[in-house]
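Coordinate analysis (summary)
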Amino acid sequence: MVAEMPGRMAAPADVARRERCAPGAGTAMTRRKLAGIAVTAALAAAGLTDAGAAQALAASDEQAYQGTPGPREALQLLMEGNRRWSRGRARHPHQSVQWRWHVAGHQDPFATVISCIDSRVPPEIVFDRGIGDMFTIRTGAQALDESVVLGSIEFGPFNYSSARLMLVLGHQKCGAIAAAIEVIESGCRAPGHIQAVVDALRPAYYVAKPQPGDLADNMTRAQTRLTVHRLKQAPLLRKLMTTNGLTIVGGHYYLRSGLVEIIA
Ligand SMILES: [Zn+2]
């Protein structure tokens, strides 16, 4: 919807714009594009059916990485888990009842993952990890703001020195990216607070627009790289990069293969 200034005569261009941006049209458009997006539910219940096997696997995990993994080992853990998930050989570590009791007293997550809200890309599942392994922050197309989202991202590595890897994860066929492209190119506004997501994605649109190839794919990758860049510029995270070896990388997830590619 376009807010009109009091007492201002509507020019023909404004009338056309208002029709284009009518509440029904805008809502339907955005609803259609956002159809594939859902806020995911709890992730930790996936592997509790075989508690004995899960406990054994959790124990072997701990033996493999005594102490806290550094950023390189943390990335290795995530990528190994992703390969298991991709091949249909997920082990569901750290999802046993015993492990749940273990982490009830304390947590030492080794990573922070910032990803999209898309229901098909839950980090703990696509990296074949469990509870207590990672902080996860999920927004539409892994968009940032300068308040609650960024503060939540900073919270983990600032308070838990174990979390020395930060991974920004975009994905193929992102509904939030597609919706943002449609809203930006139409000149309309998305309904409700969805417009805030569109505005946050605007820089990635302008990076991707002149590039050859698929606009949505280019914009998703640009958004991941821009998010990595912005996180590296955040004063608190910059300090943690120096003092605690915090490492920030970006990845791209493929929906059919289930594989994650490191792109930044
Ligand atoms: Zn998405």
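Everything that follows concerns the structure shown earlier in this document.
On a predicted model such as this, the values are computed, not experimentally measured, just so you know. (Residues numbered from 1 in each chain as written. Predicted model: local features only at pLDDT ≥ 70, side-chain atom pairs only at ≥ 80, totals over all residues.)

**Quick look at the overall build of the protein chain**
The number of helices and strands found in the protein chain is eleven helices and five strands. Here the protein chain holds 264 residues, and 39% of them are scored as buried. If you take every contact in the protein chain between residues at least 6 apart in sequence, the share linking residues at least 24 apart comes to 74%. (Helix = DSSP H or I, 4+ residues; strand = E, 2+ residues; numbered from the N terminus. Buried ≥ 20, exposed ≤ 12 C-beta atoms within 10 Å, placed from the backbone. Contact = placed C-beta atoms within 7 Å.)

**Some thoughts on the pairing of strand S3 (residues 165-171)**
Burial within S3 is extensive, with seven of its seven residues counted as buried. Here S3 shows no split at all, with Leu-165, Leu-167, Leu-169 and His-171 on one side and Met-166, Val-168 and Gly-170 on the other all buried. Summarising the sheet, strand S1 (residues 111-115) and S3 pair through five bridges and their orientation is parallel. In the sheet register, Ser-115 faces S3, and the bridge partner there is Leu-169. Judged from the seven bridges that link them, S3 and strand S4 (residues 247-253) form a sheet pairing that is parallel. Looking at S4, one finds that Met-166 is bridged to Ile-248. (Pairing = 2+ DSSP bridges.)

**Structural notes on the sheet that holds S4**
Overall, mixed pairing links the five strands, which are arranged S2-S1-S3-S4-S5 in an open sheet. What marks the edges here is a single partner per strand, and that holds for strand S2 (134-138) and strand S5 (260-262). Across the sheet, the axes of successive neighbouring strands diverge by a mean angle of 25°, strand direction being ignored. (Axes fitted to C-alpha atoms, helices over the stretch in contact; angles between N-to-C directions.)

**Considerations on unusual backbone geometry**
Phi at His-92 takes a positive value of approximately 55°, unusual for a residue other than glycine. Structurally, His-92 is set in the loop between helix H4 (71-86) and helix H5 (97-105).

**Description of helix H8 (residues 175-186)**
Here H8 contains twelve residues, and its C-alpha end-to-end distance of 17 Å stays within 8% of the 16 Å for a straight helix at 1.5 Å per residue. Gly-187 occupies a position one or two residues after H8 and carries a positive phi of about 75°. (Expected span 1.5 Å × (residues − 1).)

**Focus on H4**
Compared with the 22 Å implied by 1.5 Å per residue over 16 residues, the 22 Å span of H4 between its first and last C-alpha is a close match. Residues of H4 that are buried include every one of Pro-71, Ala-74, Leu-77, Leu-78, Gly-81, Asn-82 and Trp-85, and no others. Projection of H4 onto a plane perpendicular to its axis shows the buried side chains occupying an angular sector of 130°, all on one side. (Arc of directions from axis to C-beta.)

**Focus: the environment of Thr-243**
Note on placement: Thr-243 falls in helix H11 (residues 235-243). In this structure Thr-243 comes out as exposed when scored by C-beta crowding, with 9 C-beta atoms within 10 Å. Between the alpha carbons of Thr-243 and Ser-161 there is a distance of 10.0 Å; along the sequence they are 82 residues apart.

This is a description of form; function is not addressed.
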